[in-house]
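What follows is each chain in one-letter form.
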Amino acid sequence: MRKRWLMVALSMIVCSMFLLSGCKEKIYTSGDFIYRLNGGQLFLEGLSEQGKEKETIVIPKEIDGYKVKELTYQYGLSVRGGNFESEKLKQIYIIPSMELWRISFSNVPNLTKIIMVGAYSDIYDIDYGNAEIFFSTIENHDYWEADERGCIPGTQNVSHRWLSNCNYFYNYEGAENDGYYWSDNYDYGEKITYVPQNPEREGYIFGGWFQEPECVNIWNFDTDTLPEAKYNEEGEALYQETRLYAKWYIEE
């Protein structure tokens with residue numbers, strides 16, 4: 001009898017380990033992404049064939065109704081780093097705050113920038129490859145500071161962490177994500193070449209991007225440029241932030 005119960009107990013343990021391993025998890029494809037589900041949360045596996053053909057990828061808050069938790073495939077008690085591969089991808093926008101754990105972008109040779117839009121974003125054990133990572137704000141990051149160049153010193157890939165120099169704001173009180181809608185980074189004196197999708201606000205119609213909160217001067221993406229670079233005594237470009245503000249009309 002004792003042997004029988006021992007066999008039952010061992011079987012239960014094996015079954016539990018089998019379930020925790022995620023062997024029964026299904027791989028899903030949706031638009032630009034491949035993902036898995038774990039505990040009702042979505043973990044990205046990588047890019048779909050469609051996603052691999054794009055130069056720009058936007059990682060949204062949700063995919064197929066599931067909240068995107070991490071750019072990492074996780075199963076059971078084990079974690080495997082996200083597997084992003086693309087020969088064409090040049091820039092990634094991550095909206096809003098999201099955890100980046102054990103991600104490698106070393107197989108994305110043409111990736112130049114990773115933009116983190118949000119008041120807080122966890123990063124840990126990341127291989128940036130050839131890219132630089134930009135943050136819209138560091139106000140809620142403990143112990144983070146930026147120097148006059150917009151560089152964020154730290155213990156991990158110091159040369160790759162910067163403040164983004166072009167930020168977009170919802171421009172109304174109580175807006176989500178500490179008011180940040182979008183973020184980007186360009187060389188000083190350049191035009192903005194990637195225009196984000198229009199923001200949405202219940203009961204209002206979006207009326208364009210302006211150069212001040214009062215929405216007096218509209219930003220002309222065909223002609224307007226970021227300010228020309230200013231340099232310190234060492235010849236390094238000083239950080240200058242360009243802010244764009246949404247205008248809203250009451251929906252009738």
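Residues numbered from 1 in each chain as written. Predicted model: local features only at pLDDT ≥ 70, side-chain atom pairs only at ≥ 80, totals over all residues. Heavy atoms only, no water.

1. Some details on the confidence of the model for the protein chain
What counts is decided by this rule: pLDDT runs from 0 to 100 and stands for how confident the predictor is about each residue. Note on contacts: a residue pair qualifies if any of its non-hydrogen atoms lie within 4.5 Å across the two residues.
Looking at the protein chain, the pLDDT average stands at 84 and 81% of residues meet or exceed 70. In this model residues 3-23 is a low-confidence stretch, pLDDT under 50, and it forms nine contacts with partners more than four residues away in sequence or in other chains.

2. Quick word on the pairing of strand E13 (residues 113-116)
Rules: Relative accessible area decides the class of each residue, using a 1.4 Å probe on protein chains only: under 20% of the type maximum gives buried, over 50% gives exposed, and in between gives partly exposed. Put simply, DSSP H or I for four residues or longer makes a helix, DSSP E for two residues or longer makes a strand, and each gets a number counted from the N terminus. DSSP bridges decide pairing: two strands pair if at least two such bridges lie between them.
Across the two faces of E13 the burial is the same, with Lys113 and Ile115 and Ile114 and Met116 all buried. When strand E10 (residues 91-94) meets E13, the two strands line up parallel, connected through four bridges. In the sheet register, Tyr93 faces E13, and the bridge partner there is Ile115. Note: E13 against strand E15 (residues 132-135), four bridges, orientation parallel. Its bridge partner lying in E15, Met116 is registered against Phe135.

3. Quick word on the sheet that holds E13
Quick note on the threshold: Throughout, an axis means a line fitted to C-alpha atoms (over the contacting stretch in the case of helices), and angles, computed between N-to-C directions, take values from 0 to 180 degrees.
If you trace the five strands from one edge of the open sheet to the other, you get E4-E10-E13-E15-E16, paired in parallel fashion. One side of each edge strand has no neighbouring strand; the edge strands of this open sheet are strand E4 (56-59) and strand E16 (161-163). In this sheet, neighbouring strand axes are inclined to one another by 20 degrees on average, regardless of whether the strands run parallel or antiparallel.

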